[in-house]
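# Observations on the model geometry
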Amino acid sequence: MKRKTFVDIIAYLFIVLFIYASVNKLMDYENFSAELGKSPLLTAFAPWVAWGIPAIELIVVVLLTVPKWILAGFYAAFSLMTMFTAYIIAILKFSDFIPCSCGGVLQSMNWDQHLVFNIFFIVLGFIGILLYEADDHKTVKVQPVAA
């Protein structure tokens, strides 16, 4: 398979993930916001985070669907998944109470499974960045002018 095919598959996986996650959060906004309010790290920022996370996820989806912005989308997806993973690790290591603000399929995962899931997507994001940057489609080839 071509690199572009792998880049497209990775982008589609992130698009599906972030559309699913953002829509789920927005459809169950009250619960999502309430759970964030219980987080020892996010209590003061819960109202902003409850709107901000789904909005950022949808912005990443837009970036990943516009060809000239796809690299920015990969960097954003990679960064977002890294931050989500760091948050989970911080909560698991430093908090007695572990709020669960995930919905849908992700809510049925235990924390170890959730970490593996996130790390899988971090690796996918990294691979997407590497493959996209290595692809020749970005290179503008200058044609010599005939004399």
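Scroll up to find the structure.
The notes below deal with the structure included here. Keep in mind the model is a prediction, meaning the values are calculated, not measured.

## Structural notes on the pattern of salt bridges
Within the structure shown, the criterion is met by two salt bridges. Across the pair Lys 4 and Asp 8 runs a salt bridge, and its minimum N-O distance is 3.0 Å. Of the two residues, Lys 4 and Asp 8 both sit in helix H1 (residues 3-27), four residues apart, roughly one turn of that helix. Asp 8 gets classed as partly exposed once you look at its relative accessible area, which sits at 22%. With a closest N to O distance of 2.7 Å, Lys 25 and Glu 57 form a salt bridge. Taken together, the positions of Lys 25 in helix H1 and Glu 57 in helix H3 (residues 46-65) put the pair 32 residues apart, joining distant regions of the chain.

## Notes on the side chain of Ser 22
One can find Ser 22 in helix H1. Owing to a relative accessible area of 0%, Ser 22 belongs among the buried residues under this scheme. A polar contact of 3.2 Å, which involves the side chain of Ser 22, links it to the backbone oxygen of Ile 19. Among residues more than four places away in sequence, those in contact with Ser 22 are Pro 54, Glu 57 and Leu 58.

## Comments concerning the packing of aromatic side chains
Taken as a whole and assessed by the stated rule, the structure comprises six aromatic pairs. Measuring from ring centre to ring centre gives 5.0 Å for Phe 117 and Phe 121, while their planes differ by 50°; the resulting arrangement is tilted. Taken together, the residues Phe 117 and Phe 121, both in helix H6 (residues 111-134) and four residues apart, mark about one turn of the helix. The class for Phe 121 is buried, based on a relative accessible area of 6%. Centroid distance Phe 120 to Phe 121: 5.4 Å. Interplanar angle 90°. Geometry classified as edge-to-face. For Phe 120, a relative accessible area of 46% corresponds to the partly exposed category. Of the aromatic side chains, those joined through ring pairs into one cluster are Phe 14, Phe 18, Phe 117, Phe 120 and Phe 121.

## Here we look at H1
Between its first and last C-alpha atoms H1 spans 36 Å; for 25 residues at 1.5 Å apiece the expected length is 36 Å, and the two agree. Buried within H1 are the following residues: Val 7, Ile 10, Ala 11, Phe 14, Ile 15, Leu 17, Phe 18, Ala 21, Ser 22 and Lys 25. Lining the buried residues of H1 we find helix H2 (29-37), H3, helix H4 (70-94) and H6.

Rules and cut-offs
- Residues numbered from 1 in each chain as written.
- Predicted model: local features only at pLDDT ≥ 70, side-chain atom pairs only at ≥ 80, totals over all residues.
- Heavy atoms only, no water.
- Salt bridge = Lys/Arg side-chain N within 4 Å of Asp/Glu carboxyl O.
- Helix = DSSP H or I, 4+ residues; strand = E, 2+ residues; numbered from the N terminus.
- Buried < 20%, exposed > 50% of the residue type's maximum accessible area, 1.4 Å probe, protein only.
- Polar contact = N/O pair within 3.5 Å; in protein donor to acceptor, adjacent residues only side chain to side chain.
- Contact = heavy atoms within 4.5 Å.
- Phe/Tyr/Trp six-rings, centres within 6.5 Å; stacked < 30°, edge-to-face > 60°.
- Expected span 1.5 Å × (residues − 1).

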